Amino acid sequence: MTKSLQATSTDASVELDSITKSYGPTTIIGDTSIHINDGEFVALLGPSGCGKSTILKMIAGLAEPSTGTVSTGQKKVQGPGPDRGMVFQDHALLPWMTARGNIDFGLRSARPGLSKSERAEITRTHLEQVGLTDAADRRPARLSGGMQQRVGLARAFAIDPPIMLLDEPFGALDALTRRELQLQLLGIWEASQRTVVMVTHDVDEAILLSDRVLVMSKSPESTIIADINVDLPRPRHDASEDPAAETKTAELRKEMLSLLEH
Ligand SMILES: Nc1ncnc2c1ncn2[C@@H]1O[C@H](COP(=O)(O)OP(=O)(O)O)[C@@H](O)[C@H]1O
Ligand SMILES: [Mg+2]
């Protein structure tokens, strides 16, 4: 895979230091601290409405904590920045541009230093990575939901920010497409080892992808109730039979499901 020039410093750690978030009189998120290491894949797992997207937006610089501070690379977050990229559930593609055009446009905006031919090469590689080479010249209206989501992921990974924020990126997809994209994301991540924070309410997705799963309680005053190491071998994208790993996976699933029930 092409390893491209990084515009920003190399410390891609994420720190939330005693943050809370209130809307009016309601404290949605209670006192919460999170530390994510450079290169770690962390899932935020919790029930709907507990504040997962809000935490991701605070890291992205799209929302501010009511108290406490959020930092990336030891610098206080004061708005969006080139060290962070976000993938939303509703892929947000530009409808008048082709799949290739969307990725190229993202690159042109985020990494203006690249030449046209460098952009073309990065776009080509990333379209190939998500299996869209043959659909490169189609506009979003002619792509299925799964294909649109692939373009969204390819666009984000082409920009290659040190920190990737994924908000239920596979939420709207059917089970088969979802699995396929999860495995593609695993392949991309295992090759690039960027810091990833992924929001999900899917226990199996969290276990398949993450190094660590942070389980959140229900809102109001939700907080992290467990910090669970996913001690399974990598690479994980070839789902070969490994009885020890299967036992471990079943244990983790049970532990997480019981935490989510409270
Ligand atoms: N801008 C806002 N104004 C008021 N309430 C909000 C706003 N954004 C989110 N909320 C509330 O905060 C809670 C957490 O939302 P969210 O972070 O989207 O949860 P999740 O992603 O875990 O489903 C929800 O109850 C939601 O209604
Ligand atoms: Mg959400």
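Computed from a predicted structure; not experimentally measured.

A. The overall build of the protein, seen in detail. Tallying secondary structure elements over the protein gives seven helices and 10 strands in all. Looking at the protein as a whole, 52% of its 262 residues are labelled buried. Carbon and sulfur atoms provide 52% of the accessible area of the protein, an area that totals close to 12,400 Å².

B. Seen up close, the site of ligand 1. What surrounds ligand 1 is the set Tyr 23, Ile 28, Pro 47, Ser 48, Gly 49, Cys 50, Gly 51, Lys 52, Ser 53 and Thr 54. Between an oxygen atom of ligand 1 and a main-chain N or O atom of Gly 49, the distance comes to 2.7 Å. Side-chain polar atom of Thr 54 to an oxygen atom of ligand 1: 2.5 Å apart, as the coordinates give it. Contact with the protein chains covers 56% of the free accessible surface of ligand 1, which is 560 Å². Partitioned by chemical class, the residues of the shell around ligand 1 number four nonpolar, five polar and one charged.

C. View of the side chain of Thr 195. Structurally, Thr 195 can be placed in strand 8 (residues 195–200). Within the structure, the side chain of Thr 195 is placed 2.8 Å from the backbone nitrogen of Gly 39, a separation counted as a polar contact. The residues touching Thr 195, leaving out its near neighbours within four places in the chain, are Ala 12, Val 14, Ile 36, Asn 37, Asp 38, Gly 39, Glu 40, Pro 162, Ile 163 and Met 164.

D. Up close: the domain arrangement of the protein. Split into domains, the protein comes out as domain 1 (14–83 + 163–260) and domain 2 (94–160). Placing the centre of domain 1 and that of domain 2 at their C-alpha centroids yields a distance of 25 Å. Ranking the residues of domain 1 by area buried against domain 2 places Met 164, Leu 181 and Ile 188 at the top, with a combined share of 41%. At the surface where domain 1 touches domain 2, the tally comes to two salt bridges.

E. The arrangement of the packing of aromatic side chains in detail. Using the criterion set out here, one finds one aromatic pair in the structure. With centroids separated by 5.5 Å and ring planes inclined at 80 degrees, the aromatic side chains of Phe 41 and Trp 189 adopt a geometry described as edge-to-face. Of this pair, Phe 41 sits in strand 3 (residues 41–45) while Trp 189 sits in helix 5 (residues 175–192), and the two are 148 residues apart along the sequence. For the pair formed by Phe 41 and Trp 189, the shared burial category is buried.

F. Representation of the packing of helix 4 (residues 145–159) against helix 5 in the model. At a minimum axis distance of 11 Å, the contact between helix 4 and helix 5 shows a crossing angle of 15 degrees. In this view, helix 4 runs roughly parallel relative to helix 5, as classed from their interaxial angle. Crossing of helix 4 against helix 5: the hand is right-handed. Taken together, the residues of helix 5 that come into contact with helix 4 (itself represented by Gly 146, Gln 149, Arg 150, Leu 153 and Phe 157) are Thr 177, Glu 180, Leu 181, Gln 184, Leu 185 and Ile 188.

G. Summary view of the sheet that holds strand 3. Pairing is mixed across the open sheet formed by six strands, whose spatial order is 6-7-8-3-9-10. The sheet terminates laterally at strand 6 (84–87) and strand 10 (224–229), the two strands that pair on one side only. Put simply, the sheet's adjacent strands are angled 15 degrees from each other on average, direction ignored. Bridge analysis of strand 3 against strand 9 (residues 212–216) gives four bridges, and the strand direction is parallel. Directly across from Ala 43, in strand 9, lies its bridge partner Val 213. Sitting on the sheet, helix 7 (residues 243–260) is in contact with strand 3, strand 9 and strand 10, with an inclination near 175 degrees to strand 10.

H. Summary view of the confidence of the model for the protein. For the protein, per-residue confidence averages 91 on the pLDDT scale, and 95% of positions sit at 70 or higher. The low-confidence segment residues 1–8, where pLDDT is below 50, has 15 contacts with residues more than four positions distant or belonging to other chains.

I. Just the pattern of salt bridges, in detail. Evaluation of the coordinates by the stated rule reveals 15 salt bridges. Between Arg 150 and Glu 180 there is a salt bridge; the shortest N-O distance is 3.1 Å. Of this pair, Arg 150 sits in helix 4 while Glu 180 sits in helix 5, placing them 30 residues apart in sequence. We classify Arg 150 as buried; its relative accessible area is 9%. Residues Arg 234 and Asp 211 are paired through a salt bridge, measuring 2.9 Å at the closest nitrogen-oxygen approach. Pair noted here: Arg 234 is in the loop between strand 10 and helix 7 and Asp 211 is in the loop between helix 6 (203–209) and strand 9, with a separation of 23 residues, a long-range link. Each of Glu 40, Arg 212 and Asp 227 takes part in one network of salt bridges that share partners.

Calculation criteria
- Residues numbered from 1 in each chain as written.
- Chains lettered and ligands numbered in written order.
- Predicted model: local features only at pLDDT ≥ 70, side-chain atom pairs only at ≥ 80, totals over all residues.
- Heavy atoms only, no water.
- Helix = DSSP H or I, 4+ residues; strand = E, 2+ residues; numbered from the N terminus.
- Buried < 20%, exposed > 50% of the residue type's maximum accessible area, 1.4 Å probe, protein only.
- Areas by Shrake-Rupley, 256 points an atom, 1.4 Å probe, with all protein chains shown as cover.
- Near = heavy atom within 4 Å.
- Polar contact = N/O pair within 3.5 Å; in protein donor to acceptor, adjacent residues only side chain to side chain.
- Nonpolar A, V, L, I, M, F, W, Y, C, P; charged D, E, K, R; others polar.
- Contact = heavy atoms within 4.5 Å.
- Domains from an automatic or database assignment.
- Buried area = accessible area lost by both parts, 1.4 Å probe.
- Salt bridge = Lys/Arg side-chain N within 4 Å of Asp/Glu carboxyl O.
- Phe/Tyr/Trp six-rings, centres within 6.5 Å; stacked < 30°, edge-to-face > 60°.
- Axes fitted to C-alpha atoms, helices over the stretch in contact; angles between N-to-C directions.
- Parallel < 35°, antiparallel > 145°, perpendicular 65-115°, else oblique.
- Left-handed = near helix turned anticlockwise from the far one by under 90°.
- Pairing = 2+ DSSP bridges.
- pLDDT = per-residue confidence, 0-100.

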